[in-house]
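Below, each chain spelled out in residue letters.
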Amino acid sequence: MSTITLGIIEDDQLVQESLKEFFHAQAEIDCVLMSSSVEDFLTSIKSLKTLPEIILLDINLLGMSGIKGIPLLLNELPKVDIIMLTTFEDNDSIYKALCAGACSYLSKKTPLKKIKEAIEVVHKGGSYMSPSIARKIVNSFAPKQNKSNLLTPRQKEIVAEIVDGKSYKMIANDLFVSIDTVRTHIKNIYKALEINSKAELIKKSYDNEL
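An unreviewed UniProt entry annotates the protein as LuxR family two component transcriptional regulator originating from Winogradskyella eximia.

Take a look at the structure:
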């Protein structure tokens, strides 16, 4: 197997040392550059004789974020493959990184041997995701549950009244119930829809998610 040239952009000293020590012991992987920021990395590659084929990239960095740095890195190194290695596992970060051009996404909880495995898979033209990340991506393609099925007819009436901008007192008068009953219904609606505010409820209604 030919040697894989690797670049690392990571600003955490402990993580840097851990990665440096591990890859130094891997004969098939040559870490040609390690930087604390995208800006420093882009400056430093200009003096390299051997360019990295793969970059391990964090998101929360000194200077610009890793996600914002992806287009700049790909512009400078069009053939490079970028593997995100980060603590951020939220859907927004995952999708933004992949849409920006990253080919793989790893949690920093990933064991070093698995990170090496990911690098080898990517070098062969594949893609690699931490199991928890892969599950999030799969779930995003799953059919969306119709939230309206979670609400009773009375709760749907209350949602319609809220969307119309009516107060709890007005809703109580319209539906001939007490304000406390309205509050209880709203609490149950929030719980069923897994939301925490009237704004979220109204947004779901406007987005036809109810």
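Chemist: Provide a residue-level description of the UniProt feature "domain: Response regulatory" (unreviewed entry) in the protein, including the pertinent values.
Modeler: Within this numbering scheme, the UniProt entry marks residues 5-123 as carrying the feature "domain: Response regulatory" (unreviewed entry). Taken end to end, residues 5-123 comprises 44% helix and 22% strand; its first and last C-alpha atoms sit 10 Å apart.

Chemist: If you had to explain the pairing of strand β2 (residues 29-35) to someone new, which residues and values would you point to?
Modeler: Judged from the six bridges that link them, strand β1 (residues 4-9) and β2 form a sheet pairing that is parallel. Each residue of the ladder has a partner; that of Ile-9, found in β2, is Ser-35. Once the chain exits β1 it traverses helix α1 (residues 13-24) before rejoining the sheet at β2, and the crossover so formed is right-handed.

Chemist: I'd like to hear about the pairing of β1, residue by residue, with values.
Modeler: Of all six residues making up β1, six are buried, and the element is well covered by its neighbours. Residues Ile-4, Leu-6 and Ile-8 line one face of β1 and the alternating positions Thr-5, Gly-7 and Ile-9 line the opposite face, and both faces are buried.

Chemist: Which residues make up unusual backbone geometry, and what are the values?
Modeler: Despite not being glycine, Phe-176 has its phi angle at roughly 55 degrees, a positive value. With relative accessibility at 77%, the residue Phe-176 sits in the exposed group. Positioned with a positive phi, Glu-194 is a non-glycine residue whose angle comes to about 60 degrees. Inspection of the secondary structure puts Glu-194 in the loop between α9 (179-193) and α10 (198-206).

Chemist: Describe the pattern of salt bridges, listing the residues and the values that go with them.
Modeler: For the coordinates displayed, the defined rule picks out 11 salt bridges. In this structure, Lys-114 and Glu-117 form a salt bridge, with 3.6 Å as the shortest nitrogen-oxygen distance. Of the two residues, Lys-114 and Glu-117 are both situated in helix α5 (residues 112-123); the distance of three residues between them amounts to about one turn of the helix. A residue is classified by how much of its surface remains accessible, and Glu-117, at 32% relative accessible area, is partly exposed. Linked through salt bridges whose partners overlap, the residues forming this network are Glu-10, Asp-58 and Lys-108.

Chemist: Hey, could you go over the nonpolar core for me, with residue numbers and the actual values?
Modeler: One finds Ile-9, Phe-41, Ile-55, Leu-57, Leu-73, Ile-82 and Met-84 to be the most contacted residues of the largest nonpolar core, which totals 24 residues. Of all the secondary-structure elements, those providing two or more residues to this core are β2, α2 (38-44), β3 (54-57), α3 (66-76), β4 (81-86), α4 (91-100) and α6 (131-140).

Chemist: Got a sec to walk through the packing of aromatic side chains? Specific residues and values, please.
Modeler: Under the defined criterion, the tally for this structure stands at one aromatic pair. Taken together, a centroid distance of 5.2 Å and an interplanar angle of 70 degrees make the contact between Phe-22 and Phe-23 edge-to-face. Taking relative accessible area as the criterion, Phe-22 reaches 15% and is therefore assigned buried.

Chemist: Tell me what's going on with α1, and back it up with residues and numbers.
Modeler: Owing to its 3.6 residues per turn, the α-helix brings residues three or four apart onto one side. The end-to-end C-alpha separation of α1 is 16 Å, in line with the 16 Å expected for 12 residues at 1.5 Å each. Of the positions making up α1, those classed as buried are Gln-16, Leu-19, Phe-22 and Phe-23. Looking down the long axis of α1, one finds its buried residues gathered within 140 degrees of arc, a one-sided arrangement. The outward face of α1, more than 90 degrees from its buried face, is lined by the exposed residues Gln-13, Leu-14, Lys-20, Glu-21 and His-24. Check the buried side of α1 and you find it contacts β1, β2, β3, β4 and α5. Where α1 starts, the residue carrying a side-chain oxygen 2.9 Å from the main-chain nitrogen of Leu-14 turns out to be Asp-12.

Chemist: Break down the environment of Asp-180 for me, with residues and values.
Modeler: Relative to the helices and strands, Asp-180 resides in helix α9. We classify Asp-180 as exposed; its relative accessible area is 53%. Separated by 158 residues in the primary sequence, Asp-180 and Phe-22 place their C-alpha atoms 61 Å from one another.

Chemist: I'd like to hear about the UniProt feature "modified residue: 4-aspartylphosphate" (unreviewed entry) in the protein, residue by residue, with values.
Modeler: The feature "modified residue: 4-aspartylphosphate" (unreviewed entry), as given by UniProt, occupies Asp-58 in the numbering adopted here. Assignment of secondary structure puts Asp-58 in the loop between β3 and α3. The exposure class of Asp-58 is buried, given its relative accessible area of 4%. If we ignore the near neighbours within four places in the chain, the residues touching Asp-58 are Ile-9, Glu-10, Asp-11, Gly-66, Met-84, Leu-85, Thr-86 and Lys-108. Within the structure, the side chain of Asp-58 is placed 3.4 Å from the side chain of Thr-86, a separation counted as a polar contact.

About the criteria used
The numbers attached to residues start from 1 for each chain and follow its sequence in the written order. Restriction of local features to residues with pLDDT of at least 70 applies here, the model being predicted, together with a cutoff of 80 or more for giving and counting side-chain atom pairs; totals for whole chains, interfaces and linings are based on all residues. As a convention, hydrogens and water are excluded, and side-chain values are obtained from all of the structure's heavy atoms. UniProt positions are given in the numbering used here, feature names are shortened, and annotations may be inferred rather than shown by experiment. For the purposes of this entry, the term helix denotes a DSSP run of H or I that reaches at least four residues, the term strand denotes a run of E that reaches at least two, and both are numbered from the N terminus. The pairing criterion is simple: DSSP has to find at least two bridges between the two strands. Classification remark: right-handed applies to a crossover when, strands pointing away from the viewer, the course from the first strand over the helix to the second runs clockwise. Burial classes: relative accessible area under 20% of the type maximum marks a residue as buried, over 50% as exposed, and values in between as partly exposed (1.4 Å probe, protein chains only). A side-chain nitrogen of Lys or Arg and a carboxyl oxygen of Asp or Glu constitute a salt bridge if their distance falls within 4 Å. The criterion is simple. A nonpolar core is a set of buried Ala, Val, Leu, Ile, Met, Phe, Trp, Tyr and Cys residues joined through side-chain atoms within 4.5 Å. Two rings from Phe, Tyr or Trp (for Trp, the six-membered ring) form a pair when their centres are within 6.5 Å of each other. A pair whose planes differ by under 30 degrees is stacked, one over 60 is edge-to-face, and the rest are tilted. Under the convention used throughout, the expected extent of a helix is 1.5 Å for every residue step, that is, one less than its residue count. Taking the helix axis as origin, the arc is that swept by the directions to the C-beta atoms. Note on contacts: a residue pair qualifies if any of its non-hydrogen atoms lie within 4.5 Å across the two residues. For this analysis, a polar contact is any N or O atom pair within 3.5 Å, provided that within protein one partner can donate a hydrogen and the other can accept it, and provided that sequence-adjacent residues contribute only side-chain to side-chain pairs.

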